[in-house]
Amino acid sequence: MAIKIDYAVQESVTNIRRNMFITIAAILVVGVSLFLGGSALLLQHATARASDQWTSQVEVAVFLSSDISPDERDQLQKDLLSMPEVSRVTYESKAAAYDRFRRLFANQPDIVNNTSPDALPESFRVKLKDPHQFGVIRDRLDGRPGVYQIRDETQTVHELFRATETQRKVSLVNAIVVFIAAILLIATTIRMAIYSRRKEIGIMKLVGATNWFVRIPFMMEGIVQGLIGGVLAVGMLLLPPSRSLLSSTGPQLAFSQSFRFQVTYGDILLYGTFLIAAGILFGVLGSLFGLRKFLDV
Amino acid sequence: MIRTVNITKIYRGNVVALRDVSIDILKGEFVFLVGPSGSGKSTMMRLILREDSPTSGEIYVAGKNVAQLASWKIPALRRNIGCVFQDFKLLPNKTVFENVAFALEVIGVSRGVIKKQVPEVLDLVGLGDKSPHLPDELSGGEQQRVSIARAFVNRPQILIADEPTGNLDPTTSIEIMKLLDLINRRGTTVLMATHDHAIVDAMRRRVIELDKGIVVRDQERGVYGYGAQV
């Protein structure tokens, strides 16, 4: 039997209008839950991307003592290059280090003026094939004559990520709780709609309407609620306050540009599609819960 | 057309609604189901419509074993059975036309067919001119005609009427009975549960009497009660 689409659409519109307030409540709860869940996902996405980006960029800096001889320096460079974990080694002279120092602290001239070009150590910038293997370099070079200090940026990056990780988990748990509330609220609106139309449904069943014919308008109602909620969530994510909340600037790293991660419009649209799909899924789940009791009639 | 074989229905708490009931209603028959309240008439109707299943025994409606029917086949069964109730069960916010058309819409009949069949059946029940009215604007008898039109619009093989005259005065009741008789003469098997002595006595059709869930009488051209026979 063909189910007439215009019939189903008309029925669900009537239902939504009849239970306006509870429908609005369900839509808002879906919107808020998807907003929270979406924020958590976007945060994770941005963090993961920043993490990848930064981990691939971080270098191990091997600072040299001022008393190192040119021979020792050349030998050290050769040794570094022969390590299988190392992908690239660049030498930074005192002059180059001072240049970079001046650039980094350009807005703090006092610091620059109080530092002599000679005070900054020369160094090797070591780029690793796998950035997590920082420990290897330290193990091999620590204590070697001519090596003043070994520093690694990955640690700073990881600490930063640990902080956002907690934030992300909290918002995910929040989101899941609100997800459940959203599904239950949709179920309630569907049940109210069924209750207000139980006479009509009774007649429909008596004259031989199939269960799906009776169910589909209610499911559509749930789906519409979920869909609007999903769109609402994406709208909230696109508002400037939430975007700036999600994009944060971390501390400046020792010898690179400042660390920051950002949620782009592209991310929001990508995850927005997913959130709207999730909203529709909530609608389906909610209406199935709402209809469950009615299914065995 | 409707045949039950030793059906027993026991509700929760060991309430016996029907006990070992075997009846056989042939195609084209007009049968009264009589008996006091609680005698099992309504249970019988519910079992025929498969709103409920018997505890034991078999029910055949239009050749199908209803007691064993898969739930997805129930709608098809009900499309063969028209139903009329004491309280009409019309939708108050739909017009006469829409109420009758509703029965066709929900089974997926096309709009063209609906536009043709609904006026036909409304003419049959004598309400051709009431099409745009709401149920509230009609008398009780007229409302019951609408519900009969709805039950009959897809030409079911069986029409089940549960106290169709229960809310109507005697004159109107006779009109309704004439209508059911007309439908019966067109080949539809009619099973009517009733308390109305006058109607049963006047119609002189087959009477099945239930008492405490047991068939105590099954009589061709019967009357309402034993009292009337004496």
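Up top you'll find the structure we're talking about.
Residues numbered from 1 in each chain as written. Chains lettered and ligands numbered in written order. Predicted model: local features only at pLDDT ≥ 70, side-chain atom pairs only at ≥ 80, totals over all residues. Heavy atoms only, no water.

Right, let's talk about unusual backbone geometry for a bit. Residue and element names in this part refer to chain B. In this model, Asn 6 sits at a positive phi of 50 degrees, which is unusual for a non-glycine residue. Mapping Asn 6 onto the fold places it in strand 1 (residues 2-11). The class of Asn 6 is partly exposed, set by a relative accessible area of 40%. The backbone of Lys 89 sits at a positive phi, close to 50 degrees, despite the residue not being glycine. If you trace the backbone, Lys 89 turns up in the loop between strand 7 (81-85) and helix 3 (96-105). (Helix = DSSP H or I, 4+ residues; strand = E, 2+ residues; numbered from the N terminus. Buried < 20%, exposed > 50% of the residue type's maximum accessible area, 1.4 Å probe, protein only.)

A few words now on a negative patch on the surface. The grouping of Asp 67, Asp 71, Glu 72 and Asp 74 of chain A at the surface amounts to a negative patch. Note that Asp 74 of chain A resides in helix 3 (residues 70-82). (Patch = residues over 30% accessible without salt bridge, like charges linked within 9 Å, V, L, I, M, F, W, Y side chains within 5 Å. Areas by Shrake-Rupley, 256 points an atom, 1.4 Å probe, with all protein chains shown as cover. Salt bridge = Lys/Arg side-chain N within 4 Å of Asp/Glu carboxyl O. Lys, Arg positive; Asp, Glu negative; His and termini not counted. Charge placed at Lys NZ, Arg CZ, Asp CG, Glu CD.)

Attention now goes to the environment of Arg 215 of chain A. Within the fold, Arg 215 of chain A resides in helix 9 (residues 211-238). Of the residues examined, Arg 215 of chain A reaches a relative accessible area of 10% and is grouped as buried.

On to the layout of surface pockets. Each pocket or cavity is described by its volume, and for the second largest pocket that value is around 480 Å³. Taken together, the elements giving at least two residues each to the lining of the second largest pocket come down to helix 1 (5-18) of chain A together with helix 3 and helix 4 (111-124) of chain B. Per element, the largest residue contribution to the lining of the second largest pocket is six residues, and it comes from helix 1 of chain A. A per-class count over the lining of the second largest pocket returns five nonpolar, three polar and 11 charged. (1 Å grid on protein atoms, 1.4 Å probe; cavity = no way out; pocket = protein on both sides within 12 Å on 5 of 7 lines; lining within 4 Å. Points joined across faces, edges and corners; volume = space filled by probe spheres on them. Nonpolar A, V, L, I, M, F, W, Y, C, P; charged D, E, K, R; others polar.)

To continue, consider the pairing of strand 8 (residues 158-162) of chain B. Residues and elements named next belong to chain B. Of all five residues that make up strand 8, five are buried, and the element is covered over most of its length. Bridging between strand 8 and strand 9 (residues 189-194) involves five bridges; their strand directions are parallel. Each bridged residue has a counterpart across the sheet, and for Ala 161 the counterpart in strand 9 is Met 192. Chirality of the crossover, the property in question, places the unit of strand 8, helix 6 (residues 170-185) and strand 9 among those that are right-handed. (Pairing = 2+ DSSP bridges. Right-handed = clockwise from strand over helix to strand, strands pointing away.)

Structurally, Glu 200 of chain A is set in helix 8 (residues 198-206). Among residues more than four places away in sequence, those in contact with Glu 200 of chain A are Glu 11 of chain A together with Leu 91, Lys 94 and Phe 102 of chain B. (Contact = heavy atoms within 4.5 Å.)

Moving on, we get to the packing of helix 5 (residues 140-152) of chain B against helix 6 of chain B. Residue and element names in this part refer to chain B. Contact geometry of helix 5 with helix 6 gives a least axis separation of 10 Å together with a crossing angle of 15 degrees. Between helix 5 and helix 6, the angle falls in the class roughly parallel. Crossing of helix 5 against helix 6: the hand is right-handed. Taken together, the residues of helix 6 that come into contact with helix 5 (itself represented by Gly 141, Gln 144, Arg 145, Ile 148 and Phe 152) are Thr 172, Glu 175, Ile 176, Leu 179, Leu 180 and Ile 183. (Axes fitted to C-alpha atoms, helices over the stretch in contact; angles between N-to-C directions. Parallel < 35°, antiparallel > 145°, perpendicular 65-115°, else oblique. Left-handed = near helix turned anticlockwise from the far one by under 90°.)

Taken together, the contact pairs 23 residues of chain B with 17 residues of chain A. In total, about 1600 Å² of surface goes out of reach between chain B and chain A, with carbon and sulfur atoms giving 62% of it. It is Arg 78, Phe 102 and Val 106 of chain B that lose the most area in chain B upon contact with chain A, and together they represent 30% of the buried surface on that side. Applying the counting criterion to the chain B and chain A interface returns zero salt bridges. Applying the counting criterion to the chain B and chain A interface returns three residue pairs in polar contact (both at pLDDT 80 or more). (Buried area = accessible area lost by both parts, 1.4 Å probe. Polar contact = N/O pair within 3.5 Å; in protein donor to acceptor, adjacent residues only side chain to side chain.)

Turning our attention to the sheet that holds strand 1 (residues 60-64) of chain A. Residue and element names in this part refer to chain A. The four strands lie next to each other as 2-3-1-4, forming an open sheet whose pairing is antiparallel. Edge positions in the sheet fall to strand 2 (86-92) and strand 4 (147-152), since each has one partner strand and no second. When the angles between neighbouring strand axes are averaged without regard to direction, this sheet yields 20 degrees. When strand 2 meets strand 3 (residues 123-128), the two strands line up antiparallel, connected through six bridges. Residue pairing for strand 3: Glu 92 is matched across the bridge by Ser 123.

Moving on, we get to a nonpolar patch on the surface. Residues and elements named next belong to chain A. Taken together, Met 20, Phe 21, Ile 24, Leu 28 and Leu 232 make up a surface patch of nonpolar side chains, about 500 Å² in accessible area. Broken down by element, the residue count for the nonpolar patch peaks at four residues, all from helix 2 (residues 20-57). Residue Met 20 is classed as partly exposed on the basis of its relative accessible area of 41%.

Residues and elements named next belong to chain A. With their axes 8 Å apart at the nearest point, helix 1 and helix 9 run at an angle of 55 degrees to one another. By the angle class used here, helix 1 and helix 9 are oblique. As helix 1 runs across helix 9, the sense of the crossing is right-handed. Between helix 1, through Tyr 7, Ala 8, Val 9, Glu 11, Ser 12, Asn 15 and Ile 16, and helix 9, the contact on the second element is made entirely by Phe 213, Ile 216, Pro 217, Phe 218, Met 220, Glu 221 and Val 224.

Before going further, it helps to examine the pattern of salt bridges. The full count for this structure, using the stated rule, is 19 salt bridges over all chains. Taken together, the salt bridges that share partners define one network made up of Lys 9, Arg 46, Glu 51 and Asp 52 of chain B.

In this section: empty space enclosed by the protein. Scanning all chains against the criterion turns up two cavities of 30 Å³ or more. Size it by volume and the largest cavity reaches roughly 140 Å³. As for the largest cavity, its lining consists of 13 residues, and the residues nearest its centre are Leu 206 and Val 207 of chain A together with Gly 82, Cys 83 and Ala 151 of chain B. Secondary structure elements with two or more residues in the lining of the largest cavity: helix 8 of chain A together with strand 7 and helix 5 of chain B. If one sorts the elements of the lining of the largest cavity by residue count, strand 7 of chain B sits on top with four residues.

Our next topic: the packing of aromatic side chains. Here the structure, examined in full by the defined rule, presents four aromatic pairs over all chains. Judged by centre distance (5.0 Å) and plane angle (70 degrees), the ring pair of Phe 179 of chain A and Phe 282 of chain A falls under edge-to-face. With a gap of 103 residues between them, Phe 179 of chain A in helix 7 (residues 154-196) and Phe 282 of chain A in helix 11 (residues 265-295) connect regions that are remote in the sequence. Just above the ring of Tyr 195 of chain A sits the side chain of Arg 198 of chain A; from NZ or CZ to the centre is 3.9 Å. Sitting over the ring of Phe 85 of chain B, Lys 89 of chain B keeps its end group 5.0 Å from the ring centre. (Phe/Tyr/Trp six-rings, centres within 6.5 Å; stacked < 30°, edge-to-face > 60°. Lys NZ or Arg CZ within 6 Å of the ring centre and 35° of its normal.)

Residues and elements named next belong to chain A. Those residues of helix 4 (residues 94-104) not exposed but buried are Ala 97, Tyr 98, Arg 100 and Phe 101. Seen along its axis, helix 4 keeps its buried residues to an arc of 165 degrees; they face one direction. In helix 4, the exposed positions angled more than 90 degrees off the buried face are occupied by Ala 95 and Arg 103. (Arc of directions from axis to C-beta.)

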